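Coordinate inspection notes
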Amino acid sequence: MNLFNRKPVVCNICKRETSHKHKPKIEWQIHGPLCGDCYVNQMKTFYELSLRQKCVICGTDKDVPEMWEPRYQWEIKGLICKPCFDKKDKEFHKLKTFCSICGKTLGIIRYNPKRKWIVRGQLCRECWDSQKARFG
Ligand SMILES: [Zn+2]
Ligand SMILES: [Zn+2]
Ligand SMILES: [Zn+2]
């Protein structure tokens, strides 16, 4: 076996010939062999990327453990920071609150039922009025 007769391998990133080829990881989406230096660089880059991400709403770089998974109803892909999460949560609740009785979407103005009505959640004006008329 003659080792010196093997075809030299060209690194797919720096395009230098290398005798020690490294196989890139699948998630790097690089095809072909890499030299040692480029392999190590890729490792570092991806490690850092996996630790920090941009909030998909405000674009702030954050450490992943500090980031929040958006609620599925928001139809947001990716992670978001805490302030954006809170803001979104509030907005969403404001937008998507329904009258407990008729199911109508409530706007900013909604009515809290009286305790003796034994109604959970909030009511629209009409339902509040009719409850009031019936139960006082
Ligand atoms: Zn290289
Ligand atoms: Zn944010
Ligand atoms: Zn209603």
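Since the structure is predicted, the reported quantities are computational estimates derived from the model, not experimental observations.

What counts and what doesn't
Residues numbered from 1 in each chain as written. Chains lettered and ligands numbered in written order. Predicted model: local features only at pLDDT ≥ 70, side-chain atom pairs only at ≥ 80, totals over all residues. Helix = DSSP H or I, 4+ residues; strand = E, 2+ residues; numbered from the N terminus. Rg over C-alpha atoms; globule rule 2.2 N^0.38 Å. Buried ≥ 20, exposed ≤ 12 C-beta atoms within 10 Å, placed from the backbone. Contact = placed C-beta atoms within 7 Å. Domains from an automatic or database assignment.

**Let's talk about the overall build of the protein chain**
Counting secondary structure elements, the protein chain contains three helices and six strands. The globule rule puts the C-alpha radius of gyration for 136 residues at 14 Å, and the 29 Å found for the protein chain is more than 25% above it. Along the three orthogonal principal directions, the C-alpha set of the protein chain runs to about 100 × 25 × 20 Å. Burial statistics for the protein chain: of 136 residues in total, 13% are counted as buried. Considering only intrachain contacts with a sequence separation of at least 6, the fraction spanning at least 24 residues in the protein chain is 15%.

**As for unusual backbone geometry**
One non-glycine residue, Gln29, lies in positive phi territory at about 55°. Although it is not a glycine, Glu75 adopts a positive phi angle of roughly 55°. Within the secondary structure, Glu75 sits in the loop between strand E4 (61-63) and helix H2 (82-95). According to the C-beta neighbour criterion, Glu75 is exposed, with 7 such atoms within 10 Å.

**Quick look at the domain arrangement of the protein chain**
Assigned domains of the protein chain: these are domain 1 (1-51), domain 2 (55-93) and domain 3 (96-136). Of note, the centres of domain 1 and domain 3, computed from C-alpha atoms alone, are 65 Å apart.

**A few points about the environment of Cys124**
Inspection of the secondary structure puts Cys124 in the loop between strand E6 (105-106) and helix H3 (125-135). Once the C-alpha coordinates of Cys124 and Gly107 are considered, the two residues, 17 residues apart in sequence, prove to be 8.7 Å apart. Other than its neighbours up to four places away in sequence, Cys124 contacts Cys99, Cys102, Lys104, Leu106 and Arg110.

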